[in-house]
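Residues per chain are reported as follows:
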Amino acid sequence: MKTTDILPESTKRSEAACVSDTLPVPEPRFKGRIGNTYVDSEADVLTLRTPPEGAPNILLVLLDDVGFGQASTFGGPANTPTLEKLATQGLRYNRFHTTALCSPTRAALLSGRNHHSVHSGVITEMATGFPGYDGCWPREAASIAEILQGNRYATAAFGKWHNTPDHELSAAGPFDRWPTGKGFGYWYGFQGGEASQWHTPLFENTAPIEPPHDDPGWHFSEAIADRAISWIGQQQAAAPDMPFFAYFAPGACHSPHHVAREWSDKYKGKFDHGWDRQRQITLDRQKALGLLPAGTKLTPRPDSIPAWETCSADEKTLYARMQEVFAGFLEHVDAQVGRVVDAIEHMGLRDNTLIIYIVGDNGPSAEGSLTGTLNNMKTQLGLLDDVSTILSHIDEIGGPLHENHYPVGWAWAGSSPFQWMKQVASHFGGTRNGLVISWPNVITDHGALRTQFHHAIDIVPTLLDAAGIPEPRSVNGVPQKPIEGISMAYTFDRADAPSRRVTQYFEMLGNRAIYHDGWVAGCLHGRLPWLTSGGANFDDDTWELYNIEDDFSQSNDLARKELTRLRDLQDRFMAEAARYDVLPLDDRFAQRADPALKPSHMRGKKHFVYTPGVIRIGERSSPNTKNVHHTLAVEVTIPKGGSDGVLVCCGGIPGGYSLFIKDGKLYWEHNYYNDVRYRVESEGVIPTGHHVLSAEIKVDEEGKFGTGGTVTLRVDKATVGTGRFEQQVAGYFTVNETFDVGCDTVSPVSDLYQSPFKFTGEIVKVMVDVSETTFEELAGQHELHARWALATQ
């Protein structure tokens, strides 16, 4: 049976359908007649080209950092009524796979090609100078949005976009790898791997916009649901015969785990039994739901993860609360998906809307360390808080003050019944995610289970099959690489159909595996997924082998019994690795964040001048002031009556620096991971008139990680304040908060003010100097600062 045999007759490809494998489709030739005037001419009114009649609307949902055993629909403890409703109206898939990490899965999902094939072998922040890893999604691999848009679909994306290289994130562009450059006619969301859900650094298309600072209850998941509902309604009102493609990718449930207490408190006391017991409870539910074979075994806890019973009373109290917050976060985001689905139903569009709901872009995250954290950026540098410190903030977890993440034990519980978690591509705990597909017009086997082996790259060909649109050979004049996925449409009406995916490789950070014809060979390589440094010799790796037709959870390693089969699969992996640009294997983690490994507009620059109105410059596109001597100087005019506000800053609540005036006094503040605030203030108020206000920072030891130092505040040449800081944020302040002039966007660096705290005087220029030059030397060296020299004589 052909894949298209189960699809509506109207969507099958035919010569009558207005589709093409070359995009954009040329405009039709004029068929009228042109005379000397309109009287003796015949017009040819253009016919609007549309996709094949009956092509479905498409809602593609992708959650973040949710494991196979976390949503109730797949046996987990977090209630997901929307997902369950769609499962009863469609199909549940229990052998669907991702890449084990964020950007790679998203690139694979939207392109239909393996992640290395589209240069996305790792997250964009860790891009390196190899073809499979440079983070530059090529034009030869058009996204599904580009293809559908070229065939007259309305397209929009809502939520997280983690597929733009660091050096293309600024206002300078280019914007080819932003959502609007990848075929989405509209985008509302954030860039990068994670963001505060209360203070989100938003973009609308390519323009930075601010979340409402006067609404303390604003939440990103709710906001993108609002925007999606509005966009679908507007699109249908304007062009009701035009189908839509909406990509809905919330930040949930990636850290920070942010949700209102009304959601997290639903789970009070429900995790006091701990992660060991939770894995067993989840396995029992999965079996009761018929999601896995009755004989499936629960894989054991690794020795590197502590048993719940060994945790102290304080640890159990803290860890249980962190899991309560996560569960509430997951239920909350599912409710927002539900609002979008309900809106589609109310518009009368549900029967011909294909909904694909992917429950996670990888396995559950272990990046919160063995003890959990209040600041994920801090933890990524190996800087861990003690439990007593975190416990003192337990009532604030889930709120806007912290970048909280649960401990590793809950990630392991969330991957039940499998081994490992996010980053670990060698085992299903890192790569297997729940999937539900619902399309009332076509899928009639409601509530059924599908067990065919599939991967994120298979979604694009499935959507093209559903819409009756051919795979393009050329897009915008660029010949296309063949799509590497396989359509899943054949599974829509046949539970017993043999899996058409015979082979699939997996690789992430040196962890690797290969599936072939019912068998999986893989090896966990070196570093544990909650550590940020360390590696191992690839030649020392130990491979495992599983017959997953008989061993659903990968609990019985057959490597020693099937040496010939193992060797064959190892050879197949290397062949696939060579074919899809997986080589060279690279197990570095934190080391890959080194700016020297990727393009940068900032490299080699020491002196920076900014004008008023410069805001939302990404931290990686701003002066790197960490661990070096530097000066912040601002030329201002203070009006009569004085002025307050931020002069220049970088970062937000999780960490950063700010130079600002409050109550007439000049302040410099370094926010060390929202733990310690080093603050220096002027001795008196700043007088009215024209001045150069500056903070000169001298570190104790240049280049030393997290070094302390001294701060000197000046008004013109006069010293008005001095102070000291004992440590500093040595890596990035945040994932995606920014450098701002004249205000502090998104969330405040200092707790002495609330964003945006706009400066009420006049800023002429801001200068940042990261050389060893003194303030006095600067005034004489730079022509741009000649006014400063005059002002300080």
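Note that this is a predicted model, so its numbers are computed, not measured.

## Re the overall build of the protein chain
- Secondary structure summary: the protein chain contains 15 helices and 30 strands in total.
- On C-alpha atoms alone, the protein chain measures out to a radius of gyration of 28 Å, which is about the 28 Å that the 2.2 N^0.38 rule sets for 793 residues.
- By its C-alpha atoms, the protein chain is 90 × 85 × 50 Å across when sized along the principal axes.
- Evaluated residue by residue, the protein chain yields a buried proportion of 62% over its 793 residues.
- A separation threshold of at least 6 residues defines the contact pool for the protein chain, and within that pool the share at least 24 residues apart is 74%.

## A look at the pattern of salt bridges
- In this structure the tally under the stated criterion is 42 salt bridges.
- For E669, the salt bridge identified is with R677, shortest N-O distance 2.9 Å.
- Notably, a salt bridge pairs R724 with D700, separated by 2.5 Å at the nearest N-O pair. Of the two residues, R724 sits in strand β28 (residues 718-725) while D700 sits in the loop between β26 (689-699) and β27 (709-715), which places them 24 residues apart along the sequence.

## Overview of empty space enclosed by the protein
- Applying the stated rule across the entire model yields three cavities of 30 Å³ or more.
- Each residue belonging to the lining of the largest cavity can be placed in one class, and the counts come to seven nonpolar, five polar and three charged.
- Considered as a void within the structure, the second largest cavity measures approximately 90 Å³ in volume.
- Lining the second largest cavity are T625, K626, H630, Y657, W668, H670, I697, F725, Q728 and F733.
- Here the lining of the second largest cavity is composed, by residue class, of five nonpolar, four polar and one charged.

## Brief notes about the packing of aromatic side chains
- In total, this model carries 35 aromatic pairs according to the counting rule given.
- Geometrically, the ring pair formed by F184 and Y247 is stacked, given 5.9 Å between the ring centres and 20° between the ring planes. Within this pair, whereas F184 is found in the loop between β4 (154-161) and β5 (186-191), its partner Y247 is found in strand β8 (residues 244-249), the two being separated by 63 residues in sequence.
- What makes F184 buried here is its relative accessible area of 1%.

## Some points on the side chain of T745
- Here T745 shows up in the loop between β29 (738-741) and β30 (762-769).
- Using a relative accessible area of 2% as the deciding quantity, one classes T745 as buried.
- Side-chain polar atoms of T745 contact the side chain of T738, separated by 3.3 Å.
- Other than its neighbours up to four places away in sequence, T745 contacts E210, I615, R616, E737, T738, D740 and S755.

The rules we used
- Residues numbered from 1 in each chain as written.
- Predicted model: local features only at pLDDT ≥ 70, side-chain atom pairs only at ≥ 80, totals over all residues.
- Heavy atoms only, no water.
- Helix = DSSP H or I, 4+ residues; strand = E, 2+ residues; numbered from the N terminus.
- Rg over C-alpha atoms; globule rule 2.2 N^0.38 Å.
- Buried < 20%, exposed > 50% of the residue type's maximum accessible area, 1.4 Å probe, protein only.
- Contact = heavy atoms within 4.5 Å.
- Salt bridge = Lys/Arg side-chain N within 4 Å of Asp/Glu carboxyl O.
- 1 Å grid on protein atoms, 1.4 Å probe; cavity = no way out; pocket = protein on both sides within 12 Å on 5 of 7 lines; lining within 4 Å.
- Points joined across faces, edges and corners; volume = space filled by probe spheres on them.
- Nonpolar A, V, L, I, M, F, W, Y, C, P; charged D, E, K, R; others polar.
- Phe/Tyr/Trp six-rings, centres within 6.5 Å; stacked < 30°, edge-to-face > 60°.
- Polar contact = N/O pair within 3.5 Å; in protein donor to acceptor, adjacent residues only side chain to side chain.

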